[in-house]
Amino acid sequence: MENVSLTDKETIIETIDLVKIYGSSDAQVTAVNGISLKIFSGEFVAIMGPSGSGKSTLLNLLACLDRPSAGKYILAGEDVSEYSRKELALIRNRELGFVFQSYNLLPRATALENVILPMIYRRENQVSMAKRKEIAVNALENVGLANRMHHYPNQLSGGQQQRVAIARALVNDPILVLADEPTGNLDTKSSVEILELLHNLHGRGRTIVIVTHELDIAHYTERILMIRDGKLSSDVKNGKRPISPTNVQMAVSIGDQGGIQ
Amino acid sequence: MNLGEMIKSATKSLASNKLRSVLTMLGVIIGVAAVIMMISISAGTEATIADRINALGSNLLFINASFSRAGPGEGPLNQKGGLVYDDVAAIRNQISGVAGVSVEQQASVTIKVGDTTLEDVTVVGTTPDYTTVRNVQVASGRFVSEQDNERVQKVVVLGSTVATELFGNADPVGQTIYANNTQLVVIGVLAPKGLAGGTNFDNLIYTPINLVFKKFSPSMFARFMGDRVRTIFVSVDKDADMDSVSQQISILLANRHNVTLDSPDFSISTQEDIIQTQESTTETFRTLLAWVAGVSLIVGGIGIMNIMLVSVTERTREIGLRQAIGATPGDIQVQFLSEALILSLIGGLIGVLAGVGGSQLFGQLSDMRTVIMPYSIGLSFTSAAIIGIFFGFIPAQKAAQLDPIVALRHE
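Remember, predicted model here, so these are calculated numbers, not experimental data.

Reading the values: rules and limits
Residues numbered from 1 in each chain as written. Chains lettered and ligands numbered in written order. Predicted model: local features only at pLDDT ≥ 70, side-chain atom pairs only at ≥ 80, totals over all residues. Helix = DSSP H or I, 4+ residues; strand = E, 2+ residues; numbered from the N terminus. Buried ≥ 20, exposed ≤ 12 C-beta atoms within 10 Å, placed from the backbone. Contact = placed C-beta atoms within 7 Å. Core = buried A, V, L, I, M, F, W, Y, C linked by C-beta atoms within 7 Å. Nonpolar A, V, L, I, M, F, W, Y, C, P; charged D, E, K, R; others polar. Pairing = 2+ DSSP bridges. Expected span 1.5 Å × (residues − 1). Axes fitted to C-alpha atoms, helices over the stretch in contact; angles between N-to-C directions. Parallel < 35°, antiparallel > 145°, perpendicular 65-115°, else oblique. Left-handed = near helix turned anticlockwise from the far one by under 90°. pLDDT = per-residue confidence, 0-100.

Attention now goes to the overall build of chain B. Scanning chain B from N- to C-terminus turns up 14 helices and 15 strands. Evaluated residue by residue, chain B yields a buried proportion of 40% over its 411 residues. Taking contacts inside chain B between residues at least 6 apart in sequence as the whole, the part at least 24 apart equals 81%.

In terms of helices and strands, chain A carries 8 helices and 10 strands. Considering only intrachain contacts with a sequence separation of at least 6, the fraction spanning at least 24 residues in chain A is 72%.

Let us now look at the nonpolar core. With 118 residues, the main nonpolar core has A:Ile47, A:Val115, A:Leu178 and B:Val32 as its most contacted residues. When residues of this core are assigned to their parent elements, the largest contribution, 14 residues, is made by helix α2 (residues 18-55) of chain B. Apart from the residues lying within four places of it in its own chain, the contact partners of A:Leu178 are A:Leu59, A:Leu62, A:Ala63, A:Leu96, A:Phe98 and A:Val209.

Glancing now at the pairing of strand β7 (residues 176-180) of chain A. Buried residues dominate β7(A), accounting for 5 of its 5 residues. Burial along β7(A) is two-sided: the residues A:Leu176, A:Leu178 and A:Asp180 and A:Val177 and A:Ala179 are all buried.

Moving on, we get to the interface of chain A and chain B. Listed as interface residues are 17 residues of chain A and, on the opposing side, 18 residues of chain B. When contributions to the side of chain A that touches chain B are tallied by element, the ones reaching two or more residues are α2 (85-95) and α3 (111-120) of chain A. At 6 residues, α2(A) tops the list of elements feeding residues into the side of chain A that touches chain B. For the side of chain A that touches chain B, a count of residues per class yields 9 nonpolar, 3 polar and 5 charged.

Here we take up the sheet that holds strand β5 (residues 78-79) of chain A. Residue and element names in this part refer to chain A. Spatial ordering of the open sheet is given by β2-β1-β4-β5, a layout of 4 strands whose pairing is antiparallel. Across the chains shown, the open sheet's two edge strands, defined by having one partner strand only, are β2 (29-40) and β5. Relative to β2, strand β1 (residues 11-22) is paired through 9 bridges, and the arrangement is antiparallel. If you follow Ile-13 over to β2, its bridge partner there is Ile-39.

Residues and elements named next belong to chain A. With 16 residues, helix α6 (residues 188-203) extends 22 Å between its outermost C-alpha atoms, agreeing within 8% with the 22 Å of an ideal straight helix rising 1.5 Å per residue. The complete set of buried residues in α6 reads Ser-191, Val-192, Glu-193, Ile-194, Leu-195, Leu-197, Leu-198, Leu-201 and His-202. Of the residues trailing α6, Gly-205 is marked for its positive phi of about 105°.

Residues and elements named next belong to chain B. At a minimum axis separation of 7 Å, helix α12 (residues 329-365) and helix α13 (residues 374-400) run at an interaxial angle of 155°. For the element pair α12 / α13, the angle class is roughly antiparallel. You can see that α12 and α13 cross each other, and the crossing is right-handed. Its residues assigned to classes, the contact of α12 with α13 shows 21 nonpolar, 10 polar and no charged.

Residues and elements named next belong to chain B. Within the element layout of this structure, Val-138 appears in strand β6 (residues 138-141). Since 14 C-beta atoms lie within 10 Å of it, Val-138 is described here as partly exposed. Residues Val-138 and Leu-158, spaced 20 residues apart in sequence, show a C-alpha to C-alpha distance of 9.6 Å. In this structure Val-138 touches Thr-131, Phe-143, Gly-188 and Leu-190, once residues within four positions along its chain are discounted.

A word on the sheet that holds strand β14 (residues 231-236) of chain B. Residue and element names in this part refer to chain B. Spatial strand order, β3-β14-β1-β15: 4 strands in an open sheet with antiparallel pairing. Because the sheet does not close on itself, it has two edges, and the strands there are β3 (98-103) and β15 (266-270). Pairs of neighbouring strands in the sheet enclose a mean axial angle of 20°, with direction left out of account. Bridging between strand β1 (residues 60-65) and β14 involves 5 bridges; their strand directions are antiparallel. Looking at the pairing, Leu-60 lines up with Ser-235 of β14.

Right, let's get into the pairing of strand β10 (residues 231-237) of chain A. Successive residues of a regular strand alternate their side chains across the two faces of the sheet. All names here are of chain A. As paired elements, strand β9 (residues 223-228) and β10 share 6 bridges and run antiparallel to each other. In the strand pairing of β10, Met-226 is matched with Ser-234. The antiparallel pairing of β9 with β10 creates a hairpin that spans 2 residues between the two strands, and Asp-229 there sits at a positive phi of about 50°.

Residue and element names in this part refer to chain B. The contact between helix α10 (residues 271-314) and α13 brings their axes to 9 Å, and the two run at 25°. In terms of their interaxial angle, α10 and α13 are classed as roughly parallel. Of the two elements, α10 crosses α13, and the hand of that crossing is right-handed. Contact with α10, carried on its side by Leu-297, Gly-300, Gly-301, Ile-302, Ile-304, Met-305, Met-308, Leu-309 and Val-312, involves Ser-383, Ala-384, Ile-387, Gly-388, Phe-390, Phe-391, Gly-392, Ile-394, Pro-395, Lys-398 and Ala-399 of α13 and no other residues of that element.

Right, let's talk about the confidence of the model for chain B for a bit. All names here are of chain B. Confidence along chain B averages 84 in pLDDT terms, with 91% of residues attaining 70 or more. Looking at the elements of chain B, mean pLDDT is at its lowest for helix α8 (residues 220-225), recorded as 55, and at its highest for helix α11 (residues 316-324), recorded as 94. Scored below 50 in pLDDT, residues 68-79 shows 10 contacts in the model against residues more than four places distant or in partner chains. Here the complex is predicted with pTM 0.70, and the ipTM for its interfaces comes to 0.88.

Moving on, we get to the confidence of the model for chain A. All names here are of chain A. Within chain A, residue pLDDT values average 86, and 88% of them lie at 70 or more. Averaged pLDDT values for the elements of chain A fall to 49 in helix α8 (residues 245-256) and rise to 95 in helix α5 (residues 158-170). For the stretch residues 253-261, pLDDT sits under 50, and the model shows 14 contacts to residues farther than four places along the chain or on other chains.

Glycine aside, negative phi is the norm for most residues, and most peptide bonds take the trans geometry. Despite not being glycine, A:Asp173 has its phi angle at roughly 50°, a positive value. Looking at where A:Asp173 falls in the secondary structure, it is placed in the loop between α5 and β7. One non-glycine residue, B:Val152, lies in positive phi territory at about 50°. If you trace the backbone, B:Val152 turns up in the loop between α5 (146-150) and β7 (155-158).

A few words on the environment of A:Leu18. All names here are of chain A. By the element assignment, Leu-18 lies in strand β1. The exposure class assigned to Leu-18 is buried, which follows from the 25 C-beta atoms found within 10 Å. Separated by 51 residues in sequence, Leu-18 and Ser-69 have C-alpha atoms that sit 7.8 Å apart. Beyond its immediate chain neighbours, meaning those up to four positions away, Leu-18 contacts Val-32, Gly-34, Ile-35, Leu-61, Pro-68, Gly-71 and Tyr-73.

If you want it as structure tokens, here you go:
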């Protein structure tokens, strides 16, 4: 499974001295303190760090959910640092796919309806209702849930819900998929499935950034960014390791015993 | 997100909590129904009043005697003012554009025919023009004539109810009745007219006015006043100008009574004056009802706002998720606004049905008449929509301003 898009090295993410400060005057907390990094097209990157390291804040910034206090964030050549809430929402819709730790599916919508949701908020390339359904069905088939399309989230297992969420993250064909502790709520078997799925997506050329505190899960990515005290403490290229269920299972079980902390 | 999807999504979200949605709508339903019912009741009241006034006879002028110049203790007999019986003839003969002039003198009598006795029957002493002026029809026989009056004939015309009570289905014309021991010959029966202007014409009997002056124990007023009368009714020709006739009569009576027009001893009022008085009364009534109904609509709106605020809090995570996958603050605002709007519109629709049905039911079950005004449906429905937008705005604004990061973390 040779990665096609790794060769063209298009810059997807570029941050320049990114700073995020919370609070005002006396009670100021600098969560992200001058991070400069680049992530290229087709990369599978893990962001790691202990609690309070600022990795969540960094993810929020990269996810265009928040605006930096200083510095620049260039997403696919577009400087989004100063964008309004509305502009950020449109960027998220067009360019980003999200996978959350707690899945965040709408409880009163079926798997299919959940997957259709991001297409409803599209501003460009609006497609017909029938076409949306077709895309969503396709996406659900790709995550192996063709026979669960009309189930509600509470009728699905955690792993299945997360797969629905991954299908949802992909329907708008984003340039970047952001996963925040995607296996954090899952048992070992489901974690393996999800990691396999992400690995496959990466194999097909998707750019994926995953936030985790489990080093052994991070090891199955190509590159690990370590965050400490709001700064980038290390940026390590990870040797290509073939992913196999046993390896991941091991990784998850080790991770369960404490991970990096 | 287009309109169809928005409506679909909002309806789905409301349908997922049916009981709550229905309870929320209840406020609007009651408000809208109240507006429609209140307006239909007051419109019904107005229509009833208008009917009564019209039934008095069209183009009527009322000339009332006024004694305001009399000082206390002078007693009515010492007064110079007031209308006299001769004024009737004077108006009829000297004023152009007058269709009829009538005067009434009432007394209460006991009527006997054979074994049948009717107590406290009002006898109306009047003149031939009465039929024109009060717009009554003679069903059989004839009405009181000028000759009857001049000769003080002992004749009587019966109201339809009195005729039926005394003679059943038989024709009373030519029969005799006793009124306080005075023998009267029935010369005619009036067609049923019913209640008009507060008087039931069917329950009265009619004789020449001079007979009442002479034979029946008249009211206190009449006993003191002699041939003075309280009210003269003038029916104006359809083509004639009311104001002009009224002015001519004023001048004539002022001359006859030797008073100036600045301080007359009589007053002339038209039907229009009476209608205006009635209208101002009903307008107060209507305004009051409209306020009550309006307040209940606002209460309904507050109910919607309350539930929408709860809904925003409950669905914080959903809002965060929608924002994360690309919903703009505007999208979120529109979503919650359309939910509030749909609540109020469905509530409004049910309210309209309830209001129309309720008005009809009320009209049938009670004595009050109801008239459903089409504008009240439009008005209340539009108000419901405006209230939905107005009270949905704050919750929608609250939802739109949520920070996606905080919203996503909300438990």
